[in-house]
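If you want the building blocks of each chain, they are given just below.
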Amino acid sequence: MSDIKKVQKAKKGNHKAFQELIDEEKVKLYKMAFMYMKNEEDVLDVFQETVYKAFVSLKNLKEDEYFSTWITRILINTSLDHIKKKNRVVPMDRESIERKVNPYFSSEKDMDLLEAVMKLDEKYKTVLVLRFYQDYSIKQIAEILEYPEGTVKTNVHRGINILRDTLKEDCVNE
């Protein structure tokens, strides 16, 4: 069954169709939440709250084919709200990061890149995670974040330049 049909069924109250949609998105959503929250408990809270918000407001989804984009936007906003609410940054040691993302990253170089991305301002981190870790297009990112495409492109390029400078400094300092 296509995703659009599942969304339509879920909108009509079919809980199984909604569960199938969430099952298809859960890995992507978990990874995205982890990029923001950096610890298991907060990731699970954000994920659960995102699913709840999506379930409650599914009838408000205007275009069924954008379910994935819509739920990703909910997750990002929920993550940012959660961060603001706690008003803290959770430091994470290298071993914890490696334990969580080792299946997805194969080398030390990948870990250094991930650490550098995690240190970026939220606006750069968000667009880079969506662009390079979630493989969204500039247009899709603009829709998710409700930014103009030009702003997204600028933030991607600035984020890349900051990463390039940061990683270059690290190489020189070693």
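Residues numbered from 1 in each chain as written. Predicted model: local features only at pLDDT ≥ 70, side-chain atom pairs only at ≥ 80, totals over all residues. Heavy atoms only, no water.

**Student:** Would you mind going over the pattern of salt bridges in detail, with residue names and values included?
**Tutor:** For the structure shown, the criterion picks out 8 salt bridges. For Lys 6, the salt bridge goes to Glu 20, with nearest N and O atoms at 3.9 Å. With Lys 6 in helix 1 (residues 3-11) and Glu 20 in helix 2 (residues 15-37), the pair connects residues that are 14 residues apart, well separated along the chain. A residue is classified by how much of its surface remains accessible, and Lys 6, at 9% relative accessible area, is buried. Given the relative accessible area of 25%, Glu 20 is considered partly exposed. Close ionic contact of Asp 64 with Lys 11 constitutes a salt bridge, the shortest N to O distance being 2.7 Å. Of the two residues, Asp 64 is situated in the loop between helix 3 (40-57) and helix 4 (67-86) and Lys 11 in helix 1; the sequence distance between them amounts to 53 residues. Here the two residues Asp 64 and Lys 11 agree in accessibility, since each one is buried. (Salt bridge = Lys/Arg side-chain N within 4 Å of Asp/Glu carboxyl O. Helix = DSSP H or I, 4+ residues; strand = E, 2+ residues; numbered from the N terminus. Buried < 20%, exposed > 50% of the residue type's maximum accessible area, 1.4 Å probe, protein only.)

**Student:** Lay out a nonpolar patch on the surface in plain terms, naming residues and giving numbers.
**Tutor:** Side chains of Tyr 52, Phe 55 and Val 56 sit close together on the surface and give an oily, nonpolar patch of about 330 Å² of accessible area. Within the secondary structure layout, Tyr 52 lies in helix 3. A relative accessible area of 56% places Tyr 52 in the exposed class. (Patch = residues over 30% accessible without salt bridge, like charges linked within 9 Å, V, L, I, M, F, W, Y side chains within 5 Å. Areas by Shrake-Rupley, 256 points an atom, 1.4 Å probe, with all protein chains shown as cover.)

**Student:** Go over the packing of aromatic side chains with me, naming the residues and quoting the values.
**Tutor:** What the rule picks out here adds up to 3 aromatic pairs. Considering the side-chain rings of Phe 18 and Phe 55, the 5.2 Å spacing of their centres and the 65° angle between planes classify their relative orientation as edge-to-face. A residue pair is termed long-range when its members are at least 10 positions apart, and Phe 18 in helix 2 and Phe 55 in helix 3 qualify at 37 residues. Look at Phe 18 and you get buried, because its relative accessible area is 6%. Since its relative accessible area comes to 39%, Phe 55 is described here as partly exposed. Where Phe 67 meets Trp 70, the ring centres are 5.8 Å apart and the plane angle is 45°; that geometry is what we call tilted. Of this pair, Phe 67 and Trp 70 both sit in helix 4, 3 residues apart, roughly one helical turn. Here Phe 67 matches Trp 70 in class, with each residue buried. Over the ring of Phe 132 we find Arg 131, and its NZ or CZ is 5.8 Å from the ring centre. (Phe/Tyr/Trp six-rings, centres within 6.5 Å; stacked < 30°, edge-to-face > 60°. Lys NZ or Arg CZ within 6 Å of the ring centre and 35° of its normal.)

**Student:** Please provide a residue-by-residue account of a positive patch on the surface, values included.
**Tutor:** A cluster of basic residues, Lys 5, Lys 9, Lys 12 and Lys 16, forms a positive patch on the protein surface. Tracing the backbone shows Lys 5 in helix 1. (Lys, Arg positive; Asp, Glu negative; His and termini not counted. Charge placed at Lys NZ, Arg CZ, Asp CG, Glu CD.)

**Student:** Break down the nonpolar core for me, with residues and values.
**Tutor:** Of all hydrophobic cores here, the largest spans 45 residues; its most connected members are Phe 67, Trp 70 and Leu 130. Secondary structure elements with two or more residues in this core: helix 1, helix 2, helix 3, helix 4, helix 6 (108-118), helix 7 (122-133), helix 8 (138-145) and helix 9 (149-173). (Core = buried A, V, L, I, M, F, W, Y, C linked by side-chain atoms within 4.5 Å.)

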